[in-house]
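# An overview of the molecular structure
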Amino acid sequence: MLTLTQQDVLLGCRAADWRDALDQAAAALVDAGRATPEYRNGLHAREAQSSTYLGNGIAIPHGTPESRDQVLATGVRVLQFPDGVDWHDGHRVHVLVSIAAQSDEHLDILRALTHVLDREGVAERLAEADSAAEVIAELSRAPVIARLDADTLCLGFPARDRFELALAGAARLRQADCVNADFVAAIAAQEPVSLGQGLWLASATLGVATPALSLATPESAFVGPKGAVNGVFCLAAQGDAHRGLLERLAELLDAGDGETLADADAPSVLARLAGERAAAETMRVRVLNAHGLHARPAKQLVQVARDQGLPIKVRLLEGGAEAVSAASLTKVIGLGARRGQTLVFSAEGTGAAQAVQAMAEAVREGLGEQVVAFDERRDVDVEPATTTSSATAPLPLPDDTPHPAVPASPGLAVAPVFVMRLPCFDYPERARDLDAARGGDPQAQKARLARARGEAAEQLEALIRRAQGGEVAEILSIHEEMLEDPELREAAHEGIDDGWSAEAAWWRGVDTAARAQEMLADRLLAERAADLRDVGRRVLGLLCGVEMPAPPDTPYILVMEDVGPSDVARLDTVKVRGLVTARGGATSHSAILARALGIAAVVGAGERVMTLYNGSELILDGERGRIIPAPSTQRRARAELHMKEREGREREAYAARFEPGRTRDGHRVEVAANLGNTAHAVDAVDYGAEGVGLLRTEFVFMAHAEAPDLDTQIGEYREAFDALDGRPLVARTLDVGGDKPLPYWPLPQEDNPFLGLRGIRLALTRPEILETQLRALLSAAGERPLRIMLPMVKDVAEFRAAKAIVERLQAEIKAPDVQLGVMIEIPSSALLAPSLAEEVDFFSIGTNDLTQYTLAIDRGHAALSAQSDGLHPAVLRLIQMTVEAAHAKGKWVGVCGELASDPQAVPVLVGLGVDELSVSLRQVPMVKARLRELTLDGARRHAATALAQATSDAVREALEVL
Ligand code: PEP
Ligand code: MG
């Protein structure tokens, strides 16, 4: 996908002629620091060779290979000419996508633009757009293409008439989650229309979530009252997403191939509907190039196709994408073929067999690149691409070029990557379709399933033994329990008795249970559902003989689509040097866990990271938030030097960890630790924490199968007080709800759990649980300093309700050193800080939630949370108001959100007057070291500068240069 920012777009340009337009494009690239002024000559020279007009009012001027020396950094500038410019080839251009590229990247940009070329009205919309955002949206929007794949087909269905076939097709689309029951009802209410050659069509737009096409064929073709029935197409229509598919269907009918669909299997149906003729010679071959069929190998492939002297088509086997001309560079690049995917070449006529053979040979030889054989164990099969994804497959990341991401856990790592992709399981749904080795009656299926579950249990046992306790072992034991769940086994056995294969019956049982779990509550339970699917896949892998992706035995950087807390907890911290995710944000609990484990991490790096090739080298910079694939030797050496320097700084910080937190000029700021487990209090002291600034007690509750009773809680809290040896403990009362449900505290289904029953609101609905917790805290504290903190307080009324309980208990249990405070994590409490400050003993600012609620961005939102930056000036103003209100009443203020350990934020928070920073325990020494670099005046300058900005990006930029 073409990634553009608003700065890349210049609106309202005017040019006397195309040469002038080209000069403006060159000047724009020079202004952007992408090229030297001489690059202009390269643009003109390239245009003189042949026009760079692409279609639909778009041209892509770029330099000749000789002018690449004039490129300073690869980049793109988009110039809009609302009045249009007459191009030298007779076309009228409205948009120039001008490219400065150090290699053949322009071809990949062209690929990203191929989808724009087929859309109607694009030229007009680009010409009329009056904002950069509109231009970007128009250029980047991927087309929706109706889905058609093995899962939407329903072949050999025992139907008596075409109505039943139409319904079978509709039901299949519903099972594939493309439509809902309204669609099925709409299909049931209509009569399929004849397409000729025994084929029929029923279509509806009602209840369509994803446009798709299904074909249902009968067990054997028959003749009904209105003619032959070879198959019924069922179309879930939406816009013109199905246009291409129907055009190919019309071609198939024109060629008289309609009847060949009657008893065809799924691969043949997909081939016919992809535009591959029944009479064609075909040849399949796997793509071996590390970065797939990107620009350079695609160019070679096109050359080989042109040399064959007859038309050759190529398509991707995975999914139902169209077969395109192998001689068209844009079409070939547009396939987006990745390593491991299979290309199908087809040709007709004399010499066709040799031609497709030659094509396959060229691909096997690497198309001009060094390739290594496909390794089934390391190169996990790529998931089958749908027709839509082939059009939007992410571009590979360029080598040795920094790629931005959201910093999630500091640290630098240089190591080979291991990309965790889920394997693709291929199995027949019905037991009767299994091969001889796996087939058999229900008893045989059940025995196979029992064997696979037994083997999975042994694997888990071995992993638990290797994990030697800790959170990893805990999660794996949960997996073991799930595996033994009798309900899951029963569900699978019922499916087998109904004729399903062991694989299908097992997976249906797992999937149904996981869906039920996801619907019960929110994120943490949803993550349990992910655990369930994990276990399910382990068994499925054994049934299908597919090995689960096994990470290498040597250190690596793990790349994943997204991670849940349980995935992070499972990481082998000895081997995993760093973590990169395509999605997610810095304050999601997974990122918090990565920091707690001390693993360098970046999140929200975008889908392109999933194109990284296993074993290729990567630099991960968790502090600056970027990754660099395949770094040059010099860059690698620099990164290693930085790592050494950082290690040096960390060593120094660690050596000085017991010094109290203070600035260079002596201003005191306490540095405490955030804990989720009281057993870690001893480690917190060992890392130099001056207390615990946030004990997330809900994790104490989550570690038990039911609510821990008074004595259990006293034991837990006492462990922390004992370890702290007189240092203060800030215990937050139970903060359940939102993204942290408790299995034994079922909550009603809510549309917006983050805006629903959570934190103190929820706790006050069950005062007996809150009271037991407060009693346990007061009893465990004895004489020691206890700070009780209430979560998610929105105003003083909620504080008073909880305070009444605390006062009643304090009259009973004498704990002399107790303070009662609130978290400031809802904007209302920051705005009302003056009234709260009258009554509370302290504030602790939860910047994770405060940012979420101020910016209205879900902190765990896969795509948006990357923008949820606590250094946003709006959040900083709320912090300023809170501190001023507290200090006016002589109360102290801490910050316990993730912002407290952000090296750029520390001076700002100190400058705003924050008295305590509470961070994950491994960060304590570095935060103290950061404080020692500051003076109070300097910190105030940081705060003033930050407050004066308008966006979080502007804040970070301004702080960078201070
Ligand atoms: C916060 O919201 O900043 C906070 C510290 O609490 P939690 O991350 O546990 O919601
Ligand atoms: Mg919070």
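Residues numbered from 1 in each chain as written. Chains lettered and ligands numbered in written order. Predicted model: local features only at pLDDT ≥ 70, side-chain atom pairs only at ≥ 80, totals over all residues. Heavy atoms only, no water.

Filter applied, for reference: UniProt positions are given in the numbering used here, feature names are shortened, and annotations may be inferred rather than shown by experiment.
An unreviewed UniProt entry lists the protein under the name phosphoenolpyruvate--protein phosphotransferase, with Modicisalibacter zincidurans given as the organism. Taken from UniProt, the Catalytic activity (unreviewed entry) comment for the protein reads in full: "L-histidyl-[protein] + phosphoenolpyruvate = N(pros)-phospho-L-histidyl-[protein] + pyruvate". The record held by UniProt for the protein lists under Cofactor (unreviewed entry) the comment "Mg(2+)".

### Considering the coordination of the magnesium ion (ligand 2)
Let me state the cut-off plainly: Only N, O and S atoms count as donors, using a 2.8 Å cut-off from the metal and 3.2 Å for Na, K and Ca, and because water is excluded some sites may appear unfinished. Only DSSP runs of H or I covering at least 4 residues are called helices, and only runs of E covering at least 2 are called strands; the numbering of each starts at the N terminus. For every residue, the accessible area (1.4 Å probe, protein chains only) is compared with the maximum for its type, and the residue is labelled buried under 20%, exposed over 50%, or partly exposed between those bounds.
Distances from the magnesium ion (ligand 2) to its protein donors, namely Glu-825 (OE) and Asp-849 (OD), fall within the range 2.0 to 2.2 Å. Note that Glu-825 is positioned in the loop between strand S29 (818-824) and helix H28 (827-831) and Asp-849 in helix H30 (residues 847-855), a separation of 24 residues in sequence. Judged on exposure class, the residue Glu-825 and its partner Asp-849 are both buried.

### Observations regarding the domain arrangement of the protein
Stated precisely, the cut-off is as follows: Domain delimitation follows an automatic or database domain assignment.
By the assigned domains, the protein splits into domain 1 (6-140), domain 2 (150-273), domain 3 (281-375), domain 4 (431-544), domain 5 (558-631) and domain 6 (653-960). Between domain 3 and domain 6, the C-alpha centre-to-centre distance is 57 Å.

### A closer look at a nonpolar patch on the surface
Quick note on the threshold: Patch criteria: residues need more than 30% relative accessible area and no salt bridge. Like-charged residues are merged within 9 Å; nonpolar side chains of Val, Leu, Ile, Met, Phe, Trp and Tyr are merged within 5 Å. The Shrake-Rupley method, run with a 1.4 Å probe, gives the accessible areas here. Residue values count only the displayed protein chains as cover. When a carboxyl oxygen of Asp or Glu is within 4 Å of a side-chain nitrogen of Lys or Arg, the pair counts as a salt bridge.
The grouping of Leu-831, Leu-832 and Met-881 at the surface amounts to a nonpolar patch, some 250 Å² of accessible area in total. Considering the arrangement of structural elements, one finds Met-881 in helix H31 (residues 873-888). Relative accessible area serves as the criterion here: at 34%, Met-881 is assigned to the partly exposed category.

### Points about the nonpolar core
Quick reminder of the rule: Here, nonpolar core means buried Ala, Val, Leu, Ile, Met, Phe, Trp, Tyr and Cys residues that are tied together by side-chain atoms lying within 4.5 Å of each other. Any two residues having at least one pair of non-hydrogen atoms within 4.5 Å are treated as being in contact.
Counting 91 residues, the largest nonpolar core has Leu-786, Phe-843, Leu-876, Ile-879 and Leu-917 as its most contacted members. Considering every element that reaches this core, the biggest residue donor is helix H26 (residues 767-781), with eight residues. For Ile-879, the residues in contact, after removing those within four places along its chain, are Ile-845, Thr-847, Leu-850, Leu-899, Leu-909, Leu-912 and Val-914.

### Describing the site of ligand 1
To be explicit about the condition: Residues are counted as near a molecule or strand when any one of their heavy atoms sits within 4 Å of it. Within 3.5 Å is the distance limit for a polar contact, defined as a pair of N or O atoms, with the added protein rule that one can donate a hydrogen and the other accept it, and that residues adjacent in sequence qualify only through two side-chain atoms.
Contacts to ligand 1 come from 14 residues, most closely from Arg-696, Arg-732, Gly-846, Asn-848 and Arg-859. A distance of 2.8 Å separates an oxygen atom of ligand 1 from a polar side-chain atom of Arg-732. Within the backbone of Gly-846, a nitrogen or oxygen atom sits 3.3 Å from an oxygen atom of ligand 1. For ligand 1, the accessible surface in isolation is 290 Å², of which the surrounding protein chains cover 100%. When residues of the shell around ligand 1 are traced back to their parent elements, those giving at least two are strand S26 (692-696) and H30. Per-element accounting of the shell around ligand 1 gives the leading share, three residues, to H30.

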